[in-house]
Amino acid sequence: MQRAIDTFYRILEMLLIFFLAAMAVMVFINVIMRYGFNSGLNISDELSRYFFVWLTFIGAVVTFREHSHVGVETLVMMFGRKGRIICMILSNIIIIAVAAIFFWGTWKQAPINASMAAPVTKLPMIWVYGIGFFTGAGVVLIALERLVRLLTGRVTEEEIAAFAGENMSLEHLSERA
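Because the structure is a prediction, the values reported are computed rather than measured. (Residues numbered from 1 in each chain as written. Predicted model: local features only at pLDDT ≥ 70, side-chain atom pairs only at ≥ 80, totals over all residues. Heavy atoms only, no water.)

Caption draft 1: Molecular detail of the packing of helix 1 (residues 2-37) against helix 2 (residues 42-65). Between helix 1 and helix 2, whose axes approach to 9 Å, the crossing angle comes to 150°. When the axes of helix 1 and helix 2 are compared, the pair comes out roughly antiparallel. Here helix 1 and helix 2 pass one another in a crossing that is left-handed. For the contact of helix 1 with helix 2, the per-class residue count stands at 20 nonpolar, 6 polar and 5 charged. (Axes fitted to C-alpha atoms, helices over the stretch in contact; angles between N-to-C directions. Helix = DSSP H or I, 4+ residues; strand = E, 2+ residues; numbered from the N terminus. Parallel < 35°, antiparallel > 145°, perpendicular 65-115°, else oblique. Left-handed = near helix turned anticlockwise from the far one by under 90°. Nonpolar A, V, L, I, M, F, W, Y, C, P; charged D, E, K, R; others polar.)

So, in structure tokens, the structure goes:
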């Protein structure tokens, strides 16, 4: 099962790479066309905006899985094991609540977005803003799994240390700076 989950996240990472590369290519071509030929591709402006939205929200799920979101590690480092676990439980409960509200808001907005079309591509806007379903559900599932492991005592010392910002390699620390 873990192998299938890891494969799923590798596919998501490849999708993120695709969106970023496609955005860069579309914007570069459009700049060349506008300054060099006094024309442009309207579709590239629109698609690059949508790719950025998808990149951000898919990236949020991948980043959450890797414990790479901004945290208040300075405060958590001052606590012992029990205090850190309590902080992890509270943090995951808050994350579940906020992500569930995000999912619910996307659900409530979906009929409006489904009835609207993008100006250039004529793509239904639910394809753009519907990514909130994926992000909300993905974050809730990850946080629920963490919460269950915390409450059943199956959390590892490495996870607790990572939550507190300890045991990070120099490479990982430099990525966060």
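Caption draft 2: Layout of the side chain of Asn92. Its place among the elements puts Asn92 in helix 4 (residues 81-115). Residue class for Asn92 comes out buried when judged on its relative accessible area of 6%. (Buried < 20%, exposed > 50% of the residue type's maximum accessible area, 1.4 Å probe, protein only.)

Caption draft 3: Broad picture of unusual backbone geometry. The residue Asn38 is not glycine, and still its phi comes out positive at about 60°. Relative to the assigned elements, Asn38 resides in the loop between helix 1 and helix 2. A positive phi angle, near 60°, is found at Lys122, a position not held by glycine. Mapping Lys122 onto the fold places it in the loop between helix 4 and helix 5 (126-129).

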